[in-house]
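Listed below are the residues making up each chain.
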Amino acid sequence: MDTSLRYFVAGHRGMVGSAVVRALQRRGCASILTATHADLDLTDQASTRAWFAEHRPDVAVIAAAKVGGIGANSAANATFLYENIMIAANTVEAAYRADVKRLLFLGSSCIYPRMAPQPIREDALLTGALEKTNEGYALAKISGLKLCEFYRKQFGVLYHSLMPTNLYGTGDNYDVVGGHVLPTMIRKFEVARTTGAKTVDLWGSGTPLREFLHVDDLAEACLYALDMENPPDLMNVGSGREVTIRQLAEMIRTATGCEAEIRWDSTKPDGTPRKLCDSSLLRSFGWAPAIDLEEGIAKTVIEYREAVAAGTVRLGH
Ligand code: GFB
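What counts, and where the lines are drawn
Residues numbered from 1 in each chain as written. Predicted model: local features only at pLDDT ≥ 70, side-chain atom pairs only at ≥ 80, totals over all residues. Heavy atoms only, no water. Helix = DSSP H or I, 4+ residues; strand = E, 2+ residues; numbered from the N terminus. Buried < 20%, exposed > 50% of the residue type's maximum accessible area, 1.4 Å probe, protein only. Lys, Arg positive; Asp, Glu negative; His and termini not counted. Salt bridge = Lys/Arg side-chain N within 4 Å of Asp/Glu carboxyl O. Polar contact = N/O pair within 3.5 Å; in protein donor to acceptor, adjacent residues only side chain to side chain. Contact = heavy atoms within 4.5 Å. Pairing = 2+ DSSP bridges. Right-handed = clockwise from strand over helix to strand, strands pointing away. Axes fitted to C-alpha atoms, helices over the stretch in contact; angles between N-to-C directions. Near = heavy atom within 4 Å. Areas by Shrake-Rupley, 256 points an atom, 1.4 Å probe, with all protein chains shown as cover. Core = buried A, V, L, I, M, F, W, Y, C linked by side-chain atoms within 4.5 Å.

**A look at the side chain of Asp278**
Moving on, step 1. By the element assignment, Asp278 lies in the loop between strand 12 (274–275) and helix 9 (280–284).
Moving on, step 2. Of the side chains with opposite charge, Arg121 lies nearest to the buried Asp278, which makes no salt bridge, at 5.3 Å.
Moving on, step 3. A distance of 2.5 Å separates a polar atom in the side chain of Asp278 from a polar atom in the side chain of Ser280.
Moving on, step 4. In contact with Asp278, not counting residues within four places along its chain, are Pro119, Ile120, Arg121, Glu122 and Asn236.

**A look at the pairing of strand 3 (residues 59–62)**
Moving on, step 1. On strand 3, burial covers both faces: Val59 and Val61 on one face and Ala60 and Ile62 on the other are all buried.
Moving on, step 2. Inspection of the sheet shows strand 1 (residues 6–10) paired to strand 3 by four bridges, in the parallel sense. Across the sheet, the residue bridging to Val9 is Val61, located in strand 3.

**Some words on the pairing of strand 5 (residues 158–164)**
Moving on, step 1. Of all the seven residues making up strand 5, seven are buried; the element is thus mostly covered by neighbouring parts of the structure.
Moving on, step 2. Burial along strand 5 is two-sided: Leu158, His160, Leu162 and Pro164 facing one way and Tyr159, Ser161 and Met163 facing the other are all buried.
Moving on, step 3. Relative to strand 5, strand 4 (residues 102–106) runs parallel, the two sharing five bridges. Among the inter-strand pairings, Leu104 is bridged to a residue of strand 5, identified as His160.
Moving on, step 4. Between strand 4 and its parallel partner strand 5, the chain crosses via helix 5 (residues 135–155), and the hand of that crossover is right-handed.

**Overview of the sheet that holds strand 1**
Moving on, step 1. Strand order in the open sheet made by the six strands is 2-1-3-4-5-9, with parallel pairing throughout. Of all strands in the sheet, those with a lone pairing partner are strand 2 (31–33) and strand 9 (234–237), marking the two edges. Strand-to-strand twist in this sheet, taken as the mean axis angle between neighbours without regard to direction, amounts to 20°.
Moving on, step 2. Sheet topology places strand 5 next to strand 9; four bridges connect them, and they run parallel.

**What about the site of the ligand?**
Moving on, step 1. In the region of the ligand, 23 residues are neighbours, and Ser108, Lys188, Arg210, Pro269 and Asp270 sit closest.
Moving on, step 2. Lys188 is positioned with one of its side-chain polar atoms (N or O) 2.8 Å from an oxygen atom of the ligand.
Moving on, step 3. Measuring from an oxygen atom of the ligand, one finds a side-chain N or O atom of Lys275 at 3.2 Å.
Moving on, step 4. Considered on its own, the ligand offers 710 Å² of accessible surface; in the complex 97% of this is hidden by protein.
Moving on, step 5. For the shell around the ligand, the elements supplying multiple residues, two or more each, are helix 3 (70–75), helix 6 (181–195) and strand 7 (199–203).
Moving on, step 6. The element that contributes the greatest number of residues to the shell around the ligand is helix 6, accounting for three residues.

**What about the nonpolar core?**
Moving on, step 1. Core analysis: the biggest nonpolar cluster contains 31 residues, and Val16, Val20, Leu162 and Val237 have the highest contact counts within it.
Moving on, step 2. If you list the elements that add at least two residues to this core, you get strand 1, helix 1 (15–26), strand 3, strand 4, helix 7 (215–227) and strand 9.
Moving on, step 3. Per-element tally for this core: the top contributor is helix 7, with eight residues.
Moving on, step 4. Val20 has contacts with Val9, Val61, Ala219 and Cys222, leaving out every residue within four places of it along the chain.
Moving on, step 5. Among the nonpolar cores identified, the runner-up in size contains 26 residues, and Tyr174, Leu182, Val200 and Tyr304 belong to it.

Shown next, in the form of structure tokens:
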């Protein structure tokens, strides 16, 4: 990749953005631009335009988003739709106005229909109804990827998208109410282990299937996509391995060394029954994940313990 270009990573304090920054640094990129939320509110059109006009990056990676797990999404579909649609529209348009030649937009596998054939290929997009618990987030991400596709077609700029599966890893958010399932389970089992609690309450039936990818594998996929001269508009990024929520819980209980009993709370939602990405398109260009789930969970538990000890664990959105 061209390490002399100026790269802007939107959302550099989040799990995905910080992993992309680390990956760009590993490649030796000299100029990585970032902006804190206080300096640049991406939901604000005027500030976003002004920022791009002033800094004029060569490449933009849009990893900024309002994100959360099934609890946060289902409680706030309006906020997830509004904030994410504003971020997508403002960044794509401001980048175009500032003559940014290349932009990589990050979405999510929840853009696909709830009952899409599995593993889910990119061409399943817009073929059926969405999962209700995260419909707002999904609609915003669909709009974002379509903006990229249409700007590319209409204006000749190289704007394209990756759709990652469920992510976890360094810098995750451990908020047990609004967070994603994997970090939430780490926190719940760690709290039970350290307090000696006899039970851990988890949500739903434990039967849904999910695919998990370590965020460092996603960051490498981003650089892979940015290296491609003529990337497809949309490519999935997943590990290819799915586990039930129950299996995930057992893995995390083992990794934490917690002996508490699991209780399943059926009043909480299961969400989509299955969500396995077909990532053969990106893999056909040579990318492959490097971190298997057990290894990634073990590393994440260590990082979580270090963050707790240092008082730096993220507990909110
Ligand atoms: O990561 P998660 O919250 O969201 O995982 P999604 C939800 C699944 O884990 C459901 C089960 O089947 C839950 O019933 N689960 C079990 C738990 N225990 C817990 C728990 O303590 N906390 C949580 N959060 N779940 C998200 C979307 O969907 O996936 C986002 O809401 C995004 O929009 C993300 O697309 C990738 O996998 O269901």
